[in-house]
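# Secondary and tertiary structure notes
Residue strings, one per chain:
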Amino acid sequence: MPTARKAMPPGTNKKDTFMKIAVIGTGYVGLVSGTCFSEYGHHVTCVDKDAAKIDALKNGIIPIFEPGLETMVSRNQDAGQLRFTTSLAEAMDGAEAVFIAVGTPSRRGDGHADLQYVFAAVDELADHIKAFTVVVTKSTVPVGTGAEIKKRLMAKLDPSLFSVASNPEFLREGAAIEDFMRPDRVVVGVEEDRAQAVMRELYRPLNINESPLLFTGRETAEIIKYAANAFLATKISFINEMADLCEAVGADVQQVAKGIGLDKRIGGKFLHAGPGFGGSCFPKDTRALVHSADDYGIPMRIVRSVVDVNENRKLAMADKVIQAAGGSVDGKRVAVLGLTFKPNTDDMRESPSLDIIPALQKAGADVHAYDPKGMDEAREMLAGVTFHDEPYGTMDGADVLVIITEWNQFRALDLNKVKGLMKSHVMVDLRNIYGRADMEEHGFTYVGIGRKP
């Protein structure tokens, strides 16, 4: 077996060596990142305080749904390249780099990123740094966090023992492994050449794919992460507002999106009109960017508008369903397909369904729902909903069918069966996965997004 060593100088190509890495946090970012680093050939130890989660991971039970992740975890555990522990001392033993990948949720009351878990990890790991180690923030953190981490470490350690770096993640849930293994770019914010050497060696396996490795200052890397998410969120809110205009004037938002997306300066990605963005990143990161910029006296007017448009968008979707049902859903059965914020994930965080369904219930609707992967979490977050173990069960006697998440299995429903099950043949397609002409041929009243009513 190859032996571990300290990072080689930039440009070195030693295939018989590997790096030892510690990853603090086994949530979405930590687990995917740690597993993919082990797939690179490095030896990775992921550490978490949740003993039950660690025991489950040791036994091959993955706490999140991400295509391909379970197989990759198992393969690298069997190869001895990926380990899980509750002991930070064990994880840090011999580690050349330690990645902080704990949660940074929105802080209650003010929308700032809550950094308590980041700083708790920093304070604890300082006790286990015995030789030069690069401390890397993988968590999404506001600009200036790296400087605060350095300040905390300097209070306990000689500066020669560590360097603080920022290495933001750009993972799409549902495609995270592909994003990590074949990234558009890797951004690393560093202050010192020795830290850059470690990070360059860590990502050396990507050389074969010629993935861009961008080294910047630490604060620049921290801003890049927020700027990227804010820009993508802006595209979503923009096309959703265009969809409203299209409905008012009789235009088609999908053709509008194609017409502007073919402009290479704009691009077609994230120009899909729908019920608003959700998930673990866009909502909290746009809010955090607005509030952290306020701290520096810089108003984020565009991003603040994006946040407002998105929050209003979700509630407007409930009104769209009510109008499609004849102006009232009181006492009516509403079938809902899709609960997670996007397909190919079990993540319910900030999903549009969490706003749409309660609004429909408040208006008197009896909601029946199904999602391929999000049911367990949805049961804890949506009271009063009747859940079904397959899509057609939601439709029996339904007055209106609503598609909230565009899972592939919803794209090819047996429309004759759907029509036979439903009481009234009204479909509200919040993802535009069906065409009006086809639905009307099958006898449905069809309501899409950004299309002529």
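Everything here concerns the structure above.
Residues numbered from 1 in each chain as written. Predicted model: local features only at pLDDT ≥ 70, side-chain atom pairs only at ≥ 80, totals over all residues. Heavy atoms only, no water.

### Some points on the overall build of the protein chain
Counting its regular elements, the protein chain contains 16 helices and 16 strands. Taking 2.2 N^0.38 as the reference for a compact globule, 453 residues should give roughly 22 Å; the C-alpha atoms of the protein chain span a radius of gyration of 24 Å, in line with that estimate. Its C-alpha atoms give the protein chain principal-axis dimensions of roughly 70 × 50 × 40 Å. In the protein chain, buried positions account for 53% of the 453 residues. Long-range contacts, defined here as pairs at least 24 residues apart, represent 73% of the contacts in the protein chain between residues at least 6 apart. (Helix = DSSP H or I, 4+ residues; strand = E, 2+ residues; numbered from the N terminus. Rg over C-alpha atoms; globule rule 2.2 N^0.38 Å. Buried < 20%, exposed > 50% of the residue type's maximum accessible area, 1.4 Å probe, protein only. Contact = heavy atoms within 4.5 Å.)

### Observations regarding helix H13 (residues 353–362)
For H13, every residue scored as buried is listed here: Ser353, Ile356, Ile357 and Leu360. The buried residues of H13 occupy an angular sector of 90° when the element is viewed end-on, so they sit on one face. Buried positions along H13 lie against helix H12 (301–324), strand S11 (333–337) and strand S12 (366–370). Where H13 terminates, the next one or two residues include glycine 364, which has phi positive at roughly 100°. (Arc of directions from axis to C-beta.)

### Some words on helix H10 (residues 253–261)
Listed as buried for H10 are Val253, Ala257 and Gly261. Each buried residue of H10 sits inside an arc of 70° when the element is viewed along its axis, so together they form one side. Within H10, the exposed residues directed more than 90 degrees away from the buried face are Gln255, Lys258 and Gly259. Packing partners of the buried residues in H10 comprise helix H9 (218–249). The opening residue of H10 is aspartate 252, an N-cap whose side-chain oxygen sits 2.8 Å from the backbone nitrogen of glutamine 254. (Polar contact = N/O pair within 3.5 Å; in protein donor to acceptor, adjacent residues only side chain to side chain.)

### Considerations on the packing of aromatic side chains
Going through the model one piece at a time under the given rule, you end up with nine aromatic pairs. Consider the rings of tyrosine 40 and phenylalanine 180, whose centres lie 5.7 Å apart with planes at 45°: the pair is tilted. One end of the pair, tyrosine 40, is in helix H1 (residues 28–40); the other, phenylalanine 180, is in helix H7 (residues 176–181), with 140 residues separating them in the sequence. Note on tyrosine 40: relative accessible area 14%, which makes it buried. Summarising the aromatic geometry, the rings of tyrosine 370 and phenylalanine 410 are spaced 6.2 Å apart at their centres and angled 70° between planes, so their arrangement reads as edge-to-face. (Phe/Tyr/Trp six-rings, centres within 6.5 Å; stacked < 30°, edge-to-face > 60°.)

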